[in-house]
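Each chain, letter by letter, is given below.
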Amino acid sequence: FLRITSYKRDNDVTTLQSALMEIITFKSSLVEDETGAIFILEQIDILALDSDESTAKLQGEIKRQLVVAQDLIKNIQILSNIGFWEYHIATKTTRWSEYLFAMCEVLGNETEIDYNVYVNLVASDYKATFEQYIYNALEKREPFDYITPLILSNKQTKWVRNVGNVMVDENNAVIKLICIV
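Since the model is a prediction, treat every value here as computed from it, not as a measurement.

So, on to the overall build of the protein chain. Within the protein chain, the regular secondary structure consists of four helices and nine strands. Going residue by residue from the N terminus, the α and β elements of the protein chain occur as β-β-β-β-α-β-β-α-α-α-β-β-β. Classification of the 181 residues of the protein chain by burial places 33% in the buried group. Considering only residue pairs separated by 6 or more positions, the protein chain has 41% of its internal contacts joining residues 24 or more positions apart. About 11700 Å² of surface is accessible on the protein chain, with carbon and sulfur atoms providing 53% of the total.

Below is the structure:
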């Protein structure tokens, strides 16, 4: 753990320096299920404030641990047969986990995906209810837990459990919608 002491002045963050100090910024999603919390790390940026050798070693170790954490998350998804998607409100972008692509038999990567791709996989008899759960999550901040069939590209049906919620900022404005499948 690194402790960074800082204060805000004129929309700039001024950080007090120490020999091993680095600024770490990250975006994260926290999703909780019946067995506990799963932490999904999306992005991490590291800025060294010192140029000495110990800081470079620390930065290398943090990057190594990030790779280990990403591998662990990937393996957890495979072993537990779960994936996730999230919809970012401000950018109107959707991101799927690598394993969700495999589960849904959708070719592509996170730059090619759209929110409606998942919704369109939901069987037509269940789509209106699924979209109501999404609406309630976004408008009423209600978590959802809904079992629905997905129609895969080979026309086979796959039943999945969708557990989701929204993340909000300090003003209770929705930042993103997260769904574990």
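Moving on: the pattern of salt bridges. Applying the stated criterion to the full structure yields four salt bridges. Lys 176 is paired through a salt bridge with Glu 86; the nearest N and O atoms lie 3.6 Å apart. Of this pair, Lys 176 sits in strand 9 (residues 174-180) while Glu 86 is found in strand 5 (residues 84-88), placing the two residues 90 residues apart along the sequence. Of the two residues, Lys 176 and Glu 86, both sit in the buried class. Across the pair Asp 145 and Arg 161 runs a salt bridge whose closest N-O atoms are separated by 2.4 Å. Remark: Arg 161 occurs in strand 8 (residues 157-168) and Asp 145 occurs in strand 7 (residues 144-151); sequence separation between them is 16 residues. Taking relative accessible area as the criterion, Asp 145 reaches 40% and is therefore assigned partly exposed. Taking the relative accessible area as the measure of exposure, Arg 161 reaches 35% and is therefore partly exposed.

To continue, consider the nonpolar core. Trp 85, Trp 96 and Tyr 118 are the most contacted members of the largest nonpolar core, which totals 28 residues. The set of elements that each furnish at least two residues to this core consists of strand 5, helix 2 (98-103), helix 3 (115-121), helix 4 (124-140), strand 7, strand 8 and strand 9. Non-local contacts of Trp 85, meaning those with residues more than four positions away in its chain, are made with Thr 94, Arg 95, Trp 96, Leu 100, Tyr 115, Tyr 118, Phe 130, Ile 134, Leu 177, Ile 178, Cys 179 and Val 181.

Read across the open sheet, the five strands follow the order 6-5-9-8-7; overall the sheet is antiparallel. Strands at the two margins of the open sheet, each flanked by one partner only, are strand 6 (93-96) and strand 7. Ignoring strand direction, the axes of neighbouring strands in this sheet form an average angle of 25 degrees. Here strand 5 runs beside strand 6; their pairing, made up of four bridges, is antiparallel. Its bridge partner being in strand 6, Glu 86 is matched across the sheet by Arg 95. Of the strands in this sheet, strand 5, strand 7, strand 8 and strand 9 are in contact with helix 4, which crosses strand 7 at around 145 degrees.

With that settled, the discussion passes to the packing of aromatic side chains. A full pass over the atoms with the stated rule returns ten aromatic pairs. Pairing Trp 85 with Tyr 115 gives two aromatic rings, centres 5.7 Å apart and planes at 65 degrees, and the pair type is edge-to-face. On the criterion of sequence distance, the pair formed by Trp 85 in strand 5 and Tyr 115 in helix 3 is long-range, its members being 30 residues apart. Neither Trp 85 nor Tyr 115 differs from the other in exposure class; each is buried. Ring centres of Tyr 133 and Tyr 146 lie 4.7 Å apart, and the angle between their planes is 35 degrees; this geometry places the pair in the tilted category. Note that Tyr 133 is positioned in helix 4 and Tyr 146 in strand 7, a separation of 13 residues in sequence. Of the residues examined, Tyr 146 reaches a relative accessible area of 10% and is grouped as buried. Three or more aromatic residues joined by ring pairs make a cluster, and in this case those are Trp 85, Tyr 87, Trp 96, Phe 101, Tyr 115, Tyr 118, Phe 130, Tyr 133, Phe 144 and Tyr 146.

Scoring rules and cut-offs
- Residues numbered from 1 in each chain as written.
- Predicted model: local features only at pLDDT ≥ 70, side-chain atom pairs only at ≥ 80, totals over all residues.
- Heavy atoms only, no water.
- Helix = DSSP H or I, 4+ residues; strand = E, 2+ residues; numbered from the N terminus.
- Buried < 20%, exposed > 50% of the residue type's maximum accessible area, 1.4 Å probe, protein only.
- Contact = heavy atoms within 4.5 Å.
- Areas by Shrake-Rupley, 256 points an atom, 1.4 Å probe, with all protein chains shown as cover.
- Salt bridge = Lys/Arg side-chain N within 4 Å of Asp/Glu carboxyl O.
- Core = buried A, V, L, I, M, F, W, Y, C linked by side-chain atoms within 4.5 Å.
- Pairing = 2+ DSSP bridges.
- Axes fitted to C-alpha atoms, helices over the stretch in contact; angles between N-to-C directions.
- Phe/Tyr/Trp six-rings, centres within 6.5 Å; stacked < 30°, edge-to-face > 60°.

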